[in-house]
Amino acid sequence: MPTAAKRNPKHPLGDYVRGKEDAYKTEPLKIESEYVIPTEFHNPMELQSIIAHWEAADKLTVYDKTQAVMGTQNAFAKDWKIPVENVKVIATFVGGAFGNGLHTWPHETAAIMAAKKVNRPVKLMLTREQMFTMVGYRPHAWQKVGMSATKDGKITAITHEAIGQTSTYEEFTESTLQQTRMMYTSPNVTTRYRILPLDVSTPIWMRGPGEATGAFALESALDEMAFVLGMDPLEFRLINHTDKDPEKNLPWSTKYLKEAMQMGAERIGWSKRQLKPGMVKNGEWLVGYGMGVGTFGANRGRAKVKATLHKDGTLVMQSATTDIGPGTGTAMVQIAAQNLGLPPEKIVFELGSSLYPPSPSQGGSATVATVGSAVHAASQALKQRLTSMVAGNADTSFKGATVENLTFKDGYVSMTASPSARLSFADILKQQNLPELEVTEESTPDASLRQKYSMYSYSVHFAEVQVHPLTGQIKVTNMVSCADAGTIINAKTAGNQMIGGAVGGIGMALTEGAVMDHRFGRYVTKDLAEYHVPVHADAPNISSLFVNKPDLINNPNGTKGIGEIAIIGVAPAIANAIFNATGKRIRELPITPDKLI
């Protein structure tokens, strides 16, 4: 690795060796390649903005574009040395964020200072050009992968090294090498991660942070190794599939990656792929097929939800979580409806305010698992309260009722053995002379389970591309993205997440990359005319498929995260498809026509 690289002593993973260090170097059948990903920017449609209002000398209200209501509240309370409860953060509508709302930025502090100075509310909105320099980015990364295998396709060793950039005033790290440690059965794995401080602003997490960067190198190297072996890349991955976590030596909570691979291969028409590049054509165009696997931790945190059942039979649930586009409110309403037996149209889920019960930030693919578990707990608590009420009711048909022998459906409680005996939720409250029934429940993951099981979500992406041999023009003509993400609460919103991630992966592979004028330290790619995010013309019809099998070890709803795995593995799938079409291996993103001709 370059000697200028700085070892990060605080990184929780550090250097890792399983088996023999750098074992691939002494093996007869090996590959060794370097990969580069440029700086990339989040570029949500909605610009970063804030309204700051000092309601009193020690009482601050902000309307902010943030993914972390409670984190922002705590940060501003610390900055201004005022009680946390005196800071109110409202983030009802965030718009896209992709990670740039996971940090407090200088423009927010500037707006708060201005509001303090003029003693009036101040609104500040960044320009598009400022979005490139003031609110983080995916860091430029250099990677090197060495890999060896037996002739029959068993990986014997992997060494994966990476250097990511950071600023000179702050250390930013991400899990670039995590997938390499646990995805394949190799007995010998070595990983080394470094950060390089530069005179630039600090990076921040960008969708699929670290893992998306690392998967480009790892999954490209898998394809390169499969080609050297003369083996189908799908078969190569299946041969090296892991039935337990080789890093932690633990069983998976659930893992249905093989099923996802089979679903995707069938849908994309993988059987049409030829081992020799350039063999499939559509007129003048060369046609290629590629795949890439992704994984991300199936995370779950602590959250509280307040649930209020009103006398008219409607339910209002509240939590300080946010929604940056995945349809958080929709998923929470569905979880409540399924667990409580109440029609979704009678449920409202309110979010995005620090006045509501606390929730972690929306990031790390953990919101449905975290907040959804609290919604589940609140729903169960309401059922228990309603059961207690009907069991002591004058109506003798419910005497001695328990949750187990009651049915909750369509806003009614009935005896399972005799469905004709039923009461509506509204009638129960009316009989009890209650205007409403309120519960607040906290859900906390069982830490002991993390000691017994390894928990991840998985994805596999298949791409079909066409490349014009004379011009180098690339068209992604078909994509299939498959996920093993536990129970799918809402197929529409989950599918939208997968499609959005795939589009982001197309940008990562083909169009996005920062270009800096080093004479002045300014980006030439400072707007959406010069920095090319993928548009409709760049994206084909994208199919999203789900295994849809629950992970009840992770949480009571059986869900696992989707947001990150939607993009992790997409870029290498496209790069591998381009190689299959042209025979040209491009290891530096984005893959533009000039690199192919």
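Before reading on, note that the structure itself is shown above.
Keep in mind that this is a model prediction, so the values were computed, not measured. (Residues numbered from 1 in each chain as written. Predicted model: local features only at pLDDT ≥ 70, side-chain atom pairs only at ≥ 80, totals over all residues. Heavy atoms only, no water.)

S.K.: I'd like a rundown of the overall build of the chain, residues and numbers included.
M.R.: Broken down by element type, the chain carries 12 helices and 26 strands. Rg of the C-alpha trace for the chain: 26 Å, near the compact-globule value of 25 Å for 597 residues, within the 12% margin. Over its C-alpha atoms, taken along the principal directions, the chain stretches across nearly 80 × 65 × 50 Å. Here the chain holds 597 residues, and 58% of them are scored as buried. When the 60 basic and 57 acidic side-chain charges of the chain are each reduced to a single mean position, those positions are 1 Å apart. (Helix = DSSP H or I, 4+ residues; strand = E, 2+ residues; numbered from the N terminus. Rg over C-alpha atoms; globule rule 2.2 N^0.38 Å. Buried < 20%, exposed > 50% of the residue type's maximum accessible area, 1.4 Å probe, protein only. Lys, Arg positive; Asp, Glu negative; His and termini not counted. Charge placed at Lys NZ, Arg CZ, Asp CG, Glu CD.)

S.K.: Give me the lowdown on the side chain of Ser365, citing residues and values where you can.
M.R.: Structurally, the position occupied by Ser365 is in the loop between strand S17 (347–350) and helix H8 (367–391). One polar contact links the side chain of Ser365 to the main-chain amide nitrogen of Glu564, over a distance of 2.9 Å. Discounting chain neighbours no more than four positions away, the residues touching Ser365 are Phe296, Asn299, Gly561, Ile562, Gly563 and Glu564. (Polar contact = N/O pair within 3.5 Å; in protein donor to acceptor, adjacent residues only side chain to side chain. Contact = heavy atoms within 4.5 Å.)

S.K.: Describe the sheet that holds S17, naming the residues involved and giving the relevant values.
M.R.: On the basis of which strands lie adjacent, the open sheet formed by four strands has the order S17-S16-S15-S21 and mixed pairing. Whereas interior strands pair on both sides, the edge strands pair on one side only; in this sheet they are S17 and strand S21 (436–443). Looking at each pair of strands side by side, their axes are set apart by 15 degrees on average, direction ignored. Inspection of the sheet shows strand S15 (residues 303–310) paired to S21 by eight bridges, in the antiparallel sense. Within the sheet, the bridge partner assigned to Val305 lies in S21 and is Glu441. Where helix H7 (residues 328–340) meets the sheet, it contacts strand S16 (315–318) and S17, and its direction lies at approximately 135 degrees from that of S17. The strands that H8 touches are S15, S16, S17 and S21; relative to S21, the one it contacts most, it runs at about 140 degrees. (Pairing = 2+ DSSP bridges. Axes fitted to C-alpha atoms, helices over the stretch in contact; angles between N-to-C directions.)

S.K.: How would you explain the packing of aromatic side chains if you had to name every residue and give the values?
M.R.: All chains considered together, the criterion is met by 14 aromatic pairs. Centroid distance Phe41 to Tyr523: 5.0 Å. Interplanar angle 80 degrees. Geometry classified as edge-to-face. Taken together, the residues Phe41 in the loop between strand S3 (30–37) and strand S4 (49–56) and Tyr523 in strand S25 (residues 522–523) connect sequence positions 482 residues apart. Across this residue pair, the class does not change: Phe41 and Tyr523 are buried. One aromatic cluster is present, formed by Phe41, Phe132, Tyr137, Tyr523 and Tyr531 through successive ring pairs. (Phe/Tyr/Trp six-rings, centres within 6.5 Å; stacked < 30°, edge-to-face > 60°.)

S.K.: Outline the pattern of salt bridges, listing residues and values.
M.R.: In a structure, side chains of opposite charge can pair up when their charged atoms sit close to one another. A full pass over the atoms with the stated rule returns 16 salt bridges. Among the charged side chains, a salt-bridge network with shared partners connects Glu21, Asp22, Glu161 and Arg192. (Salt bridge = Lys/Arg side-chain N within 4 Å of Asp/Glu carboxyl O.)

S.K.: Hey, could you go over the pairing of strand S18 (residues 406–409) for me, with residue numbers and the actual values?
M.R.: Here S18 shows one buried face, formed by Leu406 and Phe408, and one open face, formed by Thr407 and Lys409. Pairing of S18 with strand S19 (residues 412–415) involves four bridges; the strand directions are antiparallel. Looking at the pairing, Phe408 lines up with Val413 of S19. A loop of two residues connects S18 with S19, the two strands running antiparallel in sequence, and Asp410 in this loop sits at a positive phi of about 55 degrees.

S.K.: I'd like a description of the sheet that holds strand S6 (residues 87–90), backed by residues and values.
M.R.: Strand order in the open sheet made by the four strands is S6-S5-S4-S7, with mixed pairing throughout. Both edges of this open sheet fall to S6 and strand S7 (122–125), since each of them pairs with a single strand only. Direction aside, the axes of adjacent strands within the sheet are offset by 15 degrees on average. As paired strands, strand S5 (residues 59–64) and S6 are joined by four bridges and run parallel to one another. Bridge pairing in S6 links Val62 to Val89. Across the face of the sheet, helix H1 (residues 69–80) comes into contact with S4, S5 and S6 while running at roughly 145 degrees to S6.

S.K.: Account for the packing of H7 against H8, naming residues and giving values.
M.R.: Taken N-terminus to C-terminus, the directions of H7 and H8 make an angle of 35 degrees; their axes are 9 Å apart at the nearest point. Remark: the crossing between H7 and H8 carries right-handed chirality. Across the interface between the two elements, Thr328, Ala331, Met332, Ile335, Ala336, Asn339 and Leu340 from H7 touch Thr367, Val368, Val371, Gly372, Val375, His376, Ser379, Gln380, Leu382 and Lys383 from H8. (Left-handed = near helix turned anticlockwise from the far one by under 90°.)

S.K.: Residue-level account of helix H6 (residues 257–268), with values.
M.R.: The end-to-end C-alpha separation of H6 is 16 Å, in line with the 16 Å expected for 12 residues at 1.5 Å each. All of the buried residues along H6 are Leu257, Ala260, Met261, Gly264, Ala265 and Ile268. The buried residues of H6 all sit within an arc of 125 degrees when viewed along its axis, so they share a single face. Positive phi appears at Gly269, one or two residues downstream of H6, with a value of about 80 degrees. (Expected span 1.5 Å × (residues − 1). Arc of directions from axis to C-beta.)

S.K.: For the side chain of Ser459, give the residues involved together with the corresponding values.
M.R.: Within the element layout of this structure, Ser459 appears in strand S22 (residues 456–467). Residue classification places Ser459 among the buried residues on the basis of a relative accessible area of 0%. Among the polar contacts listed, one links the side chain of Ser459 to the backbone oxygen of Ile565, at a separation of 2.9 Å. Ignoring any residue separated from it by four or fewer positions in sequence, one finds Ser459 in contact with Leu257, Gly292, Val293, Gly294, Cys482, Ala483, Ile565 and Ile568.

S.K.: Account for the nonpolar core, naming residues and giving values.
M.R.: The biggest cluster of nonpolar side chains holds 80 residues, and the ones touching the most others in it are Met147, Val460, Met479, Leu510, Ile574 and Ile591. The leading source of residues in this core is helix H4 (residues 211–229), at 10 residues. Discounting chain neighbours no more than four positions away, the residues touching Met479 are Ile268, His461, Phe462, Ala463, Ala502, Ile506, Pro540, Asn541, Ile542, Ser543, Val570 and Ile574. The next biggest cluster of nonpolar side chains, apart from the first, holds 40 residues, and it includes Met317, Ile335, Leu351 and Ala401. (Core = buried A, V, L, I, M, F, W, Y, C linked by side-chain atoms within 4.5 Å.)

S.K.: How would you sum up the environment of Arg450? Please name residues and give values.
M.R.: Note on placement: Arg450 falls in helix H10 (residues 447–452). Remark: the alpha-carbon pair of Arg450 and Val305, spanning 145 residues in sequence, is separated by 24 Å. With near-sequence residues (within four places) excluded, Arg450 lies in contact with Leu250, Ala298, Asn299, Arg300, Met455 and Asn554. A distance of 2.7 Å separates the side chain of Arg450 from the backbone oxygen of Ala298, its partner in a polar contact.

S.K.: Describe the packing of H4 against helix H12 (residues 570–582), naming the residues involved and giving the relevant values.
M.R.: Relative placement of two packed helices is described by the angle separating their axes and the distance separating the axes. Where H4 meets H12, the closest approach of the two axes is 8 Å, and the angle between their N-to-C directions is 30 degrees. Here H12 runs roughly parallel to H4, going by the angle between their axes. As H4 packs across H12, the resulting crossing turns out to be right-handed. Of H12, the residues touching H4 (which contributes Ala215, Phe216, Glu219, Ser220, Asp223 and Phe227) are Ala571, Pro572, Ala575, Asn576 and Phe579. Of the residues in the contact of H4 with H12, the class split is seven nonpolar, two polar and two charged. (Parallel < 35°, antiparallel > 145°, perpendicular 65-115°, else oblique. Nonpolar A, V, L, I, M, F, W, Y, C, P; charged D, E, K, R; others polar.)

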